[in-house]
Amino acid sequence: MIQLKTMVNVIDNSGAAVAECVKVLKMKRHAKIGDRIIVVVQKQRNFGPESGPGGSVSVSAANKVRRGDIRHAVVVRTVKKYQRPDGSVVKFDDNACVLINKGGEPIGSRLNGVVGAELRDKKWSKILSLAPMHL
């Protein structure tokens, strides 16, 4: 259950590490796996050893988003237990999302970690194809 002010991990290589949910779209109280939310990037991810004061040019080129950016995202993991129609219950260790553009395409080109299989029902096949595993 992702709601207002929830901090979520960003699991793609767009340059963001942690984001804060500011809006759940489609007039819902809280978001589940596969729902679209609006987030503000709170913390940037630093890439490689050149992230010191001398190598800031190459690091900023690798980051597609910056701290304070407002972006759309899709929820891919939640800590709240979710019961599937076959009776199995799924619970993840953290809340995570993938940043997308307005058209629904992922900003990053690679995902780190597993995503929920409920994305298949919600038609997020592009995110499922980028993920190393879905559970």
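Residues numbered from 1 in each chain as written. Predicted model: local features only at pLDDT ≥ 70, side-chain atom pairs only at ≥ 80, totals over all residues. Heavy atoms only, no water.

Notes on the overall build of the protein chain
Then comes step 1: For the protein chain, the helix and strand inventory stands at three helices and seven strands.
Then comes step 2: In the protein chain, the succession of helices and strands from N to C terminus is β-β-β-α-β-β-β-β-α-α.
Then comes step 3: Counting across all 135 residues of the protein chain, residues that qualify as buried make up 44%.
Then comes step 4: Across the protein chain, the fraction of contacts at a sequence separation of at least 24, relative to all contacts at a separation of at least 6, is 54%.
Then comes step 5: Looking at the protein chain as shown, the accessible area adds up to about 7,700 Å², and 53% of this sits on carbon and sulfur atoms. (Helix = DSSP H or I, 4+ residues; strand = E, 2+ residues; numbered from the N terminus. Buried < 20%, exposed > 50% of the residue type's maximum accessible area, 1.4 Å probe, protein only. Contact = heavy atoms within 4.5 Å. Areas by Shrake-Rupley, 256 points an atom, 1.4 Å probe, with all protein chains shown as cover.)

Observations regarding the sheet that holds strand β7 (residues 96-100)
Then comes step 1: Pairing within the closed barrel is mixed, and its five strands lie in the order β1-β2-β3-β4-β7. Neighbour-to-neighbour, the strand axes of the sheet open up by a mean angle of 55°, direction not taken into account.
Then comes step 2: Pairing between strand β1 (residues 7-10) and β7: two bridges, direction parallel. Pairing of N9 across the sheet is with A96, part of β7. (Pairing = 2+ DSSP bridges. Axes fitted to C-alpha atoms, helices over the stretch in contact; angles between N-to-C directions.)

A look at the confidence of the model for the protein chain
Detailed reading of the predicted coordinates is not advisable wherever pLDDT falls low.
Then comes step 1: In this model, the protein chain carries a mean pLDDT of 90, and residues with pLDDT of at least 70 account for 89%.
Then comes step 2: Ranking the helices and strands of the protein chain by mean pLDDT puts β1 first, with 98, and helix α1 (residues 56-62) last, with 55. (pLDDT = per-residue confidence, 0-100.)

A word on unusual backbone geometry
Then comes step 1: A positive phi angle, near 65°, is found at K26, a position not held by glycine.
Then comes step 2: With respect to the secondary-structure elements, K26 resides in the loop between β2 (16-24) and β3 (36-44).
Then comes step 3: A positive phi angle, close to 55°, is found at M27, a residue other than glycine.
Then comes step 4: In this structure, M27 sits in the loop between β2 and β3.
Then comes step 5: Look at M27 and you get exposed, because its relative accessible area is 78%.

Focus: the side chain of D35
Then comes step 1: Positionally, D35 belongs in the loop between β2 and β3.
Then comes step 2: A relative accessible area of 7% places D35 in the buried class.
Then comes step 3: Polar contacts involving the side chain of D35 include one to the main-chain amide nitrogen of K32, which spans 2.8 Å.
Then comes step 4: Sequence-distant contacts of D35, that is, excluding residues within four places in its chain, are made with K28, H30, A73, V74, V75 and K122. (Polar contact = N/O pair within 3.5 Å; in protein donor to acceptor, adjacent residues only side chain to side chain.)

Side note on the state of the cysteines
Then comes step 1: For the structure on display, the rule yields zero disulfides.
Then comes step 2: Unpaired in terms of disulfides, C21 finds its nearest cysteine sulfur in C97, a separation of 8.9 Å.
Then comes step 3: According to the relative accessible area criterion, C97 is buried, its value standing at 0%. (Disulfide = S-S within 2.5 Å.)

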